[in-house]
Structure formats: structure tokens, C-alpha cells
Amino acid sequence: LADIADEYWVMANGEIRQKYTAAEAKALSPEQLRTCCLRTLDLDKIVVPEKPLQPADAPPVLSVLDLQYTYGKKTNALLSGVDFSVREHEILGLVGANGCGKTTTLRLIAGFLEPNSGKVLLKGEDITGVPPYKRPVNTVFQKYALFPHLNVFDNIAFGLKLKNTPKDAIVQKVKNALRMVNM
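Residues numbered from 1 in each chain as written. Predicted model: local features only at pLDDT ≥ 70, side-chain atom pairs only at ≥ 80, totals over all residues. Heavy atoms only, no water.

Along its length, the protein chain carries five helices and seven strands. When the helices and strands of the protein chain are read in sequence order from the N terminus, they spell out β-β-α-α-β-β-β-α-β-β-α-α. Within the protein chain, the fraction of its 183 residues that count as buried is 30%. Residue pairs at least 24 apart in sequence account for 57% of intrachain contacts in the protein chain once pairs closer than 6 positions are excluded. Here the protein chain displays about 11900 Å² of accessible surface, and carbon together with sulfur accounts for 55% of that area. (Helix = DSSP H or I, 4+ residues; strand = E, 2+ residues; numbered from the N terminus. Buried < 20%, exposed > 50% of the residue type's maximum accessible area, 1.4 Å probe, protein only. Contact = heavy atoms within 4.5 Å. Areas by Shrake-Rupley, 256 points an atom, 1.4 Å probe, with all protein chains shown as cover.)

The next point concerns the packing of helix α4 (residues 152-162) against helix α5 (residues 167-180). For the pair α4 and α5, interaxial distance at closest approach is 10 Å and the crossing angle is 125°. Judged on the interaxial angle alone, α5 and α4 are oblique. The crossing of α4 and α5 is right-handed. For the pair formed by α4 and α5, the contact residues are Val152, Phe153, Ile156, Ala157, Leu160 and Lys161 on the first element and Ile170, Val171, Lys173, Val174, Ala177 and Leu178 on the second. Here the contact of α4 with α5 is composed, by residue class, of ten nonpolar, no polar and two charged. (Axes fitted to C-alpha atoms, helices over the stretch in contact; angles between N-to-C directions. Parallel < 35°, antiparallel > 145°, perpendicular 65-115°, else oblique. Left-handed = near helix turned anticlockwise from the far one by under 90°. Nonpolar A, V, L, I, M, F, W, Y, C, P; charged D, E, K, R; others polar.)

Within the span of helix α3 (residues 102-110), buried status applies to Lys102, Thr104, Thr105, Leu108, Ile109 and Ala110. Packing partners of the buried residues in α3 comprise β4 (60-69), β5 (79-87) and β6 (117-122). Where α3 ends, the next residue or the one after it, Gly111, has phi of about 90°, a positive value.

Next up on the list: the packing of aromatic side chains. Taken as a whole, this structure holds one aromatic pair when the rule is applied. Relative to Tyr71, the ring of Tyr69 lies with its centre 4.9 Å away and its plane at 90°, an arrangement referred to as edge-to-face. According to the relative accessible area criterion, Tyr71 is partly exposed, its value standing at 33%. (Phe/Tyr/Trp six-rings, centres within 6.5 Å; stacked < 30°, edge-to-face > 60°.)

This paragraph deals with a nonpolar patch on the surface. Among the surface-exposed residues, Ile91, Val152, Ile156, Met180, Val181 and Met183 lie close enough to one another that they form a single nonpolar patch of about 560 Å² accessible area. Within the secondary structure layout, Ile156 lies in helix α4. Its relative accessible area of 33% is what places Ile156 among the partly exposed residues. (Patch = residues over 30% accessible without salt bridge, like charges linked within 9 Å, V, L, I, M, F, W, Y side chains within 5 Å. Salt bridge = Lys/Arg side-chain N within 4 Å of Asp/Glu carboxyl O.)

Attention shifts here to the side chain of Ser63. Checked against the element boundaries, Ser63 lands in strand β4. In this structure, Ser63 is in contact with Phe84, Ser85, Lys119, Val120 and Leu121, ignoring residues within four places of it in sequence.

Another aspect to go through is the confidence of the model for the protein chain. Here the protein chain averages 76 in pLDDT, while 70% of its residues score no lower than 70. Least confident of the elements in the protein chain is strand β3 (residues 36-39), whose mean pLDDT is 56; most confident is strand β7 (residues 125-126), at 95. Considering only residues more than four positions removed or in separate chains, one finds that residues 40-49, a stretch of pLDDT under 50, has 27 contacts. (pLDDT = per-residue confidence, 0-100.)

Put into C-alpha cells, the structure is as follows:
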């Protein structure tokens, strides 16, 4: 990812503390780079098979606006000021140290958690209060979320089958997903 990153974010306690351009990040030490999240905005560097690339000024498909989240009755926010957007066919990776808020951000987007403040927009529509089962959003967890009794194809197809997607569309979508990750 570092070869295609356009922005590097330094996060602490779920808050974006500093943003660097790719050029500025070249001056960072390896230790500093390990604490950064990477983001690419250059769609020419990422090729999604059979999908048209979107122009830089295309409207976002997903917008996360000033999210703040605190677990329980704690006074210190776990996430504070998380703000980014993703256009169609853009790939965004959340990378960072343990406890910086990556999984919490994904859970807020998926609706498994509700933010204390801020919004999640999908194609411009506020879905912040929409329950997870009504959001057209999927989350792939780091571990334990794969079904050990299913093969790779069936694990990828699982959500599509739940949505009653036609079999031929499932086959095509799974093949496209596998091709994107060179499998």
C-alpha cells in the first residue's frame, strides 16, 4: 500500500492527529511510518476489473463526518474527529496500531455501534441511525468471522446468498472479488 498511498494519517486514541502528503511522508522515520494509516486518492494506481474509474471530483459513496465515540461512561473519546470519504471503486485501507480505532470506525459504519456525534452518509443519505441489517454495507472482520466449514468461494458468497442474489450474479461477483486480490 505504501507505493500507492497519497495521504498518511497519524492517529492516536482514534483521532487523526496529523496528515502528511506522500511527499512529506518520505521524510518520516520507519518508526513514525508504522504509526500511520495510508490512503490513496489516485484511482489510476488501483485497477478494479471491468469498472470505470471515477474522476477526482466524483461524489463520495461513503462519507464519515466528524465521528466521535466513547465506550460506556468513559470521559475520554475512543474516536474523535474521524472524517473521510470514499468514492465509487476507491479502496481505502485503515491501518494503524492496536487500539487506534480502526475496528471501532468499521463498526460505526456498519451500524454495530452508534456514534456519540457525527454522521455516516451512504450516497449522500444519512444512515447513522439505520440498524445494521438495513444497511447495504458489509464488514469483513480480521479473524473468527470466516466459516471454517465453508470454502473460500462460499465464505465470499455468503452475504450475497443471504440477499437472494441470483446464482449467476454470485458467481460473477465472487470471481471479480477473487481476481481483485489475485486469487
